[in-house]
Amino acid sequence: MLAPAAAALPPAALAQVRIPTDLLRLVPRDLAVRHQVLPLRRARFGLEVAVADPLACDATDLLAHVVGLDIEPVAADATDLRRAIERHYGVGAAAEPAPAGDPAEATITTAPGDPTESTDPADDAPVVRLVHQLITVAVQRRASDIHLEPLAGQFRVRLRIDGVLHEAEGPPRRLHPAVISRLKIMGGLSIAERRLPQDGRIRTEAAGRALDLRVATIPTVHGESMVLRLLDDDAQRPGVDALGLDEADRATLERLLSRPDGMVLVTGPTGAGKTTTLYACLQQLNQSDRKIVTVEDPIESQLGGVNQVPVRPAVGLTFAAALRAMLRQAPNVVMVGEIRDRETAEIALQAALTGHLVCSSLHTNDAVGAVTRLVDLGAKPYLVAAGLRGVVAQRLVRRVCGSCRETYAPAAAEWRQLAGNAARPTGVMFARARGCPDCQGTGYRGRIGVFEILEVDAALRALIHDGAGPAQLRAAAAAAGRRSLRADGLRKVSAGLTTVEEIASITCGDTD
């Protein structure tokens, strides 16, 4: 039977209708099945579409965005419509329900054999192909992010490759709403909500790889801007040995992780690789005799043998609430994705003092800054002094391309830029690259970490307890042999791994 609200509309005689192939290509199969819509014919003002409930605006709004035409809904019996979709698209009669629950947690998996994704020509709609092509190109170019930005008269697409944004060929501006709507459906977001930011996830395949995409939208004056963070499910997470630490720093980090309790922090700006380092630490600690629990926002990668908890502020599951609950699980190791507030900082420090090894991250410029940041958040200096065991500060810099790399003797000015007045060793050589197809003409391919590790010894602990300022703490750390980010960067430049320009760009405030 027709929905009561649709009784005034004429029903479609679906048993006799024959739909042109071009219309079936226009409406993607997954959309037709998921929302129970079927194109009938081109109408005077757009496209005539059979629906079970013409007042269900979400489906018709989405279809208008995807096909770029006005939609004229025609009421149809739900059973007849399901059979017609089966007959024309070649799919099962049972429609897959639209995602429900928390939109941020909804996921649509598009794997081989999924009935909503197939090689049937009817599924080969232009917008579907365009979205798949965008993701495939990003994977092929080793991008970590896709930025889809509506501008005045332009739909700009940029790819972040090795930490730097590069322009890519963008679709016509008129396709922006359709592309965003397609990605929203894939990520389980609401296509009707365009005034508020939304977050979601997409699991799909591109260029022969299984991908997990984090989706984030934000409204702008010209429309919704979207960023896709590409996480390669097939990529192997590096261990501590593969982070790029030198022998002394690696030994220090392993010594910190061997402690049964205390707090170890990883610091740096957004995009510095903090999560990669934290996961490497967990892999080092992940043994059968230890229970490890994490709380993350979001979970970027699933680790075997680790209990991972996603933050859900909408239902009250904040970092602090999850951390309290985790401690009742009697864990040996606790990982908090990020310390953002006083409550989380104090609970984490208390856990570090009561027999747990706590790993977490902070946004600070250097290792000493982690101490002052914890105090600024409201943690008591005596708690920080007693609970903090060490801090790893880090940045990511681009690696010189191995295919077009060449070495050269640095000029005196280049040496002084990083080393100051320190004497230059005999025979030291720097590296640069001309640019080639392998590095897309940039001279760089891949990234490496630059690190500064601060181990809290007795002298530093006393200074932290007494509320010493950053300058005193840095002086004490330098006296104990702490090497700055710039010093580690100079070591990597001298080894031919990166360039002076890369290190100078991340250590402009380093006075060591």
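Quick summary incoming for the structure in this document. (Residues numbered from 1 in each chain as written. Predicted model: local features only at pLDDT ≥ 70, side-chain atom pairs only at ≥ 80, totals over all residues. Heavy atoms only, no water.)

Focus on the packing of helix α11 (residues 367–377) against helix α15 (residues 470–479)
Rule in force here: As a rule, the C-alpha atoms of each element are fitted with a line to give its axis, helices using only the stretch in contact, and angles between N-to-C directions run from 0 to 180 degrees. Only DSSP runs of H or I reaching four residues or more are called helices, and only runs of E reaching two or more are called strands; each is numbered from the N terminus. Left-handed describes a crossing whose near helix is turned anticlockwise from the far helix by less than a right angle; the clockwise case is right-handed. For this analysis, residues touch if any pair of their heavy atoms sits within 4.5 Å. Gly counts as polar in this scheme, as do all residues outside two lists: the nonpolar Ala, Val, Leu, Ile, Met, Phe, Trp, Tyr, Cys and Pro, and the charged Asp, Glu, Lys and Arg.
At a minimum axis separation of 9 Å, α11 and α15 run at an interaxial angle of 145°. Crossing of α11 against α15: the hand is right-handed. Residues V368, V371 and T372 of α11 form the contact with α15, whose participating residues are P470, L473 and R474. Within the contact of α11 with α15, the residues separate by chemical class into 4 nonpolar, 1 polar and 1 charged.

Observations concerning the packing of helix α9 (residues 319–327) against helix α10 (residues 342–353)
Note the cut-off: Small angles under 35 degrees read as roughly parallel and large ones over 145 as roughly antiparallel, with 65 to 115 read as roughly perpendicular and the rest as oblique.
Where α9 contacts α10, the axes come no closer than 8 Å and their chain directions differ by 20°. As judged from the angle between their axes, α9 and α10 are roughly parallel. Relative to α10, the crossing made by α9 is left-handed. Residues F319, A320, L323, R324 and L327 of α9 form the contact with α10, whose participating residues are E343, T344, I347, A348 and A351.

Thoughts on the sheet that holds strand β15 (residues 388–400)
Note: strands within a sheet are paired through backbone hydrogen bonds, in either parallel or antiparallel orientation. Condition: A pair of strands counts as paired when DSSP detects no fewer than two bridges linking them.
Spatially, the 7 strands line up as an open sheet ordered β12-β11-β13-β14-β10-β15-β18, and their pairing is mixed. Of all strands in the sheet, those bounded by a partner on one side alone are β12 (307–310) and β18 (444–455). Strand-to-strand, the axes of this sheet are offset by a mean angle of 20°, without reference to chain direction. In this structure, β15 lies alongside β18, joined through 10 bridges in antiparallel fashion. In the sheet register, R395 faces β18, and the bridge partner there is V450. Helix-sheet contacts for α10 involve β10 (262–267), β13 (333–336) and β14 (357–362), and the interaxial angle to β10 is about 135°.

A word on the nonpolar core
Put simply, the rule reads: As used in this record, nonpolar core signifies buried Ala, Val, Leu, Ile, Met, Phe, Trp, Tyr and Cys residues forming a set joined through side-chain atoms within 4.5 Å. Residue burial is assigned from relative accessible area. The probe radius is 1.4 Å, only protein chains are included, and a residue is buried under 20% of its type maximum, exposed over 50%, and partly exposed in between.
Of all hydrophobic cores here, the largest spans 42 residues; its most connected members are M263, L265, I339, L374, V384 and L388. Those residues within four positions of M263 in sequence are excluded, and the remaining contacts are I339, A348, L349, A352, V358, G387, L388, R389 and G390.

Looking at helix α13 (residues 412–419)
Condition: By arc we mean the arc of the directions from the helix axis to the C-beta atoms, nothing more.
Looking only at α13, the buried set comprises E414, W415, L418 and A419. All buried residues of α13 lie within an arc of 110° about the axis, which places them on one face of the element. Two residues or fewer after α13 comes G420, characterised by a positive phi angle close to 65°.

Description of the sheet that holds strand β9 (residues 223–232)
Strand order across the open sheet formed by 6 strands is β6-β5-β4-β9-β8-β7, with antiparallel pairing between neighbours. Of all strands in the sheet, those with a lone pairing partner are β6 (164–168) and β7 (198–206), marking the two edges. For this sheet, the mean inter-axis angle between neighbouring strands, taken without regard to orientation, is 25°. Strand direction decides the pairing type here: strand β4 (residues 143–151) and β9, joined by 4 bridges, are antiparallel. Looking across to β9, one finds that D145 is bridged to R229. Those strands touched by helix α6 (residues 176–186) are β4, β5 (154–161), β7, β8 (209–220) and β9, and its axis lies near 45° from that of β9.

Digging into the packing of aromatic side chains
What counts is decided by this rule: Stacked, tilted and edge-to-face are the three classes assigned to paired rings of Phe, Tyr and Trp, where Trp is represented by its six-membered ring and a pair needs centres within 6.5 Å; plane angles under 30 degrees give stacked, over 60 edge-to-face, the rest tilted. Ring-over charges, as used throughout, are those where CZ of Arg or NZ of Lys falls within 6 Å of the ring centre and within 35 degrees of the ring normal.
Tallied over the entire structure, the rule returns 2 aromatic pairs. Between the aromatic rings of Y408 and F430, the centroid separation amounts to 6.3 Å while the plane-to-plane angle is 90°, which identifies the pairing as edge-to-face. With a gap of 22 residues between them, Y408 in strand β16 (residues 405–408) and F430 in strand β17 (residues 430–433) connect regions that are remote in the sequence. A relative accessible area of 1% places F430 in the buried class. Among the aromatic side chains, those forming a connected cluster through ring pairs are Y408, W415 and F430. When the ring centre of Y444 is taken as reference, the NZ or CZ atom of R398 above it lies at 4.0 Å. Positioned over the ring face of Y408 is R432, at 3.9 Å from the centre of the ring.

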